Amino acid sequence: MRRAAYSSPRGLRWGVALVVVLLHVALLLALIRAFAPDFTARVADQVFGTVTVTVTTSPPPAPTPLAQPAAPSLAPHPEAPAAAAGKQAVPRPIAAPSPQIVIASQAAAPVAGPGSTNASGAGDAGTGTGARGQGSGTGAGLSGMGQGGGGAASKAVKLAGDINSARDYPEATREQRLGDYVVVALTVGPVILCGGSGTRLWPRSRAVKPKPFLPLVGDTTLFEATLGRCPPDDGFAPAIVVTGAAHLPHVEDQLAGAPDARVIVEPAAKNTAAAIALAALRVPEDAIMLVCPSDHHIADCSTFVAAAKTAAALAEEGWLVSFGIEAKTPETGYGYLKRGETIGGSGFRVDQFVEKPDRERAQGFLDAGIYAWNGGIFAFRARDFLAELGAHRPAILDAVRRSVEQGVDDNHRFYPQPEAFAEVKSESVDYAVMENTSRAAMVPADMGWSDIGNWQSLHEARDRDADGNVAIGRVELVDCRNVLVDTDGPRVSVIGLENVIVVVDGDEVLVTTAAGTQLVGKLSGAVNQ
């Protein structure tokens, strides 16, 4: 009895002490949580692991998007031409896919963005630079999240309040916690310009079926290869093709690999400024457009995709971006871009656009090491392009806008109103916009590019034998060097020639030196088709 009476007060004292200790621990944790959130976040990550949540946001309200089309049909809608001439329709912008937002805790897990692989972030969030990332590799904190081999271009933005407005939040800074940030994958919409007559590749390229629709390099046509370089898995939206009525059957016949593509049918050929404006007025104003000619060859597609993502990240910041093709020879048939100061870590301002130089000046550009070929590939937001076009060529923008406002939808096709479009002055995007804007930038790209502008450039793009020869069709070459023979029927035999090109197409035969290929488009057979 004495033992029980003695132990009761002692047990009470231990209980009181335990309560006091627990209260102190709770107070300490509350203080840590209040004044050292980074520490508690790290403890939580160690105990519970990293949690990554993917949320899809919606773009700002826009007019009703186009319905998904049925399989392309070669037969145009019977009312389309007449409607385009008189019937008015409210234009319906093509809806771009919503940006993907990845929310991550402090120890960044691999980003589950479209096409991203091997993306990781290690260490404290505060060590990341966090504005953009593309290409391959890993990094710390936000920098690691922004990078990921094969992933879409992205930028880190502040998560505050409504997640649907993430695109408007300021970019990340290294002093703030990663848990407060999101990484927005930038969806890029290819705009493929499909026009021209390809007279410099006569007689193989004809006005009725020009070079974009011919399998000049490999088994696919240049147009099909252009579509194939922009797959959805790499963060590209469905393509918009701008073409003329004469080429519409060829376009739709070769859209099998891009069933969601849309086609804008130009009432007349008015050069690239107007063609791009047509597309820009048919997409959401914040859409990032990747403008691609349909008749270029690019050997290294992975480098093209990486350059497109870098250009998209710069375009998201308001730059109008050109692809600067690494100049390896003193070409006189290309325009040049003079590289200025570095911007965004991967791009440069364009200090000067230079038209096609003579041989001596082109060699000087090559020796200087700060000039690149102008590849005619661009990236910019639709609203930025339209703002610059309106500032420098308001008459072009006004006529194109009226043509679009009065245009007509026909399934996956759109027909601008021809009378308004007829008022458009024909001018290239370089002259109308890129040479005038103060926001011109360039992204260097060494991707095996060629514009396939003449038979000599096509010769260089094709696989050659040890003597530099290319033989297509029934050909016999003896003691020849750097000779291209391309025949679709008759046997062609060549002996002892160098730097010569022979083309047989039906009843037309072309024989030229390599140096003379620039003049092919001036031949009467090419001009008077």
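This one's a predicted model, so the numbers in the text were calculated from it and none came from an experiment.

Thresholds applied
- Residues numbered from 1 in each chain as written.
- Predicted model: local features only at pLDDT ≥ 70, side-chain atom pairs only at ≥ 80, totals over all residues.
- Heavy atoms only, no water.
- Phe/Tyr/Trp six-rings, centres within 6.5 Å; stacked < 30°, edge-to-face > 60°.
- Helix = DSSP H or I, 4+ residues; strand = E, 2+ residues; numbered from the N terminus.
- Buried < 20%, exposed > 50% of the residue type's maximum accessible area, 1.4 Å probe, protein only.
- Lys NZ or Arg CZ within 6 Å of the ring centre and 35° of its normal.
- Axes fitted to C-alpha atoms, helices over the stretch in contact; angles between N-to-C directions.
- Parallel < 35°, antiparallel > 145°, perpendicular 65-115°, else oblique.
- Contact = heavy atoms within 4.5 Å.
- Nonpolar A, V, L, I, M, F, W, Y, C, P; charged D, E, K, R; others polar.
- Pairing = 2+ DSSP bridges.
- Left-handed = near helix turned anticlockwise from the far one by under 90°.
- pLDDT = per-residue confidence, 0-100.
- Salt bridge = Lys/Arg side-chain N within 4 Å of Asp/Glu carboxyl O.
- Core = buried A, V, L, I, M, F, W, Y, C linked by side-chain atoms within 4.5 Å.

**A short note on the packing of aromatic side chains**
Under the criterion given, the structure shown has 8 aromatic pairs. Taken together, a centroid distance of 5.0 Å and an interplanar angle of 65° make the contact between Tyr 334 and Trp 373 edge-to-face. Taken together, the residues span a long stretch of sequence, with Tyr 334 in the loop between strand E13 (320-326) and strand E14 (336-343) and Trp 373 in strand E16 (residues 371-381) at a distance of 39 residues. Of the two residues, Tyr 334 and Trp 373, neither departs from the other in class, the shared state being buried. Ring pairing ties together the aromatic residues Tyr 334, Trp 373 and Trp 449, which thus form one cluster. When the ring centre of Trp 319 is taken as reference, the NZ or CZ atom of Arg 439 above it lies at 3.9 Å.

**A word on the packing of helix H10 (residues 382-392) against helix H11 (residues 394-405)**
Packing of H10 against H11 brings their axes to within 5 Å, and their N-to-C directions diverge by 120°. By the criterion of interaxial angle, the relationship of H10 to H11 is oblique. Contacts between H10 and H11 involve Leu 386, Leu 389, Gly 390, Ala 391 and His 392 on the former and, on the latter, Pro 394, Ile 396 and Leu 397. Residues that form the contact of H10 with H11 fall into these classes: 6 nonpolar, 2 polar and no charged.

**Section: the sheet that holds strand E26 (residues 508-513)**
Read across the open sheet, the 4 strands follow the order E21-E23-E25-E26; overall the sheet is mixed. The open sheet terminates on both sides in strands that have one partner only, identified here as strand E21 (470-472) and E26. Going across the sheet, the axis of each strand differs from the next one's by a mean of 10°, ignoring polarity. Where E21 lies against strand E23 (residues 481-487), 3 bridges are found, and the strand directions are parallel. Following the sheet pairing, Val 470 is matched in E23 by Leu 484.

**Digging into helix H7 (residues 271-280)**
Within H7, 8 of the 10 residues are buried, which leaves the element mostly enclosed by the surrounding structure. Along H7, the residues that are buried comprise Ala 273, Ala 274, Ala 275, Ile 276, Ala 277, Leu 278, Ala 279 and Ala 280.

**Things to note about unusual backbone geometry**
In the segment running from Trp 202 into Pro 203, the intervening peptide bond is cis, with an omega of 5°. Here Pro 203 shows up in the loop between strand E8 (188-194) and helix H5 (222-228). Here Asn 411, not a glycine, exhibits a phi torsion of approximately 60°, which is positive. Mapped onto the elements, Asn 411 comes out in the loop between strand E17 (408-410) and strand E18 (413-415).

**Some remarks on the packing of H7 against H10**
Interaxial distance between H7 and H10 falls to 10 Å at its minimum, and their mutual angle equals 135°. Accordingly, the angle class assigned to the pair H7 and H10 is oblique. The hand of the H7/H10 crossing is left-handed. Residues Ala 273, Ile 276, Ala 277 and Ala 280 of H7 pack against Ala 382, Phe 385, Leu 386 and Leu 389 of H10. Per-class residue counts for the contact of H7 with H10 are 8 nonpolar, no polar and no charged.

**Some words on the confidence of the model for the protein chain**
Within the protein chain, residue pLDDT values average 76, and 65% of them lie at 70 or more. Confidence over residues 81-152 falls short of pLDDT 50; this stretch has 216 contacts with residues more than four positions distant or in other chains. Within the model, pLDDT remains below 50 along residues 156-184, and this stretch shows 89 contacts once partners closer than five positions in the same chain are excluded.

**Here's the deal with the pattern of salt bridges**
For the structure shown, the criterion picks out 17 salt bridges. The shortest N-O distance in the salt bridge between Asp 295 and Lys 211 comes to 3.5 Å. Here Asp 295, found in the loop between strand E11 (288-293) and strand E12 (297-298), pairs with Lys 211, found in the loop between E8 and H5; they are 84 residues apart in sequence, far enough to count as distant. On the basis of relative accessibility, which here comes to 17%, the residue Asp 295 falls in the buried class. The partner of Asp 446 in a salt bridge is Lys 328, and the shortest N-O contact between them spans 3.1 Å. Within this pair, whereas Asp 446 is found in the loop between strand E19 (440-445) and strand E20 (449-450), its partner Lys 328 is found in the loop between E13 and E14, the two being separated by 118 residues in sequence. According to the relative accessible area criterion, Asp 446 is partly exposed, its value standing at 39%.

**Considerations on the nonpolar core**
Residues Met 289, Phe 385 and Val 400 are the most contacted members of the largest nonpolar core, which totals 44 residues. Broken down by element, this core gets its largest block of residues, 8 residues, from H7. In this structure, Phe 385 is in contact with Ala 273, Ile 276, Ala 277, Ala 280, Leu 320, Phe 380, Val 429 and Val 433, ignoring residues within four places of it in sequence. Among the nonpolar cores identified, the runner-up in size contains 35 residues, and Cys 230, Ile 298, Ala 315 and Trp 449 belong to it.

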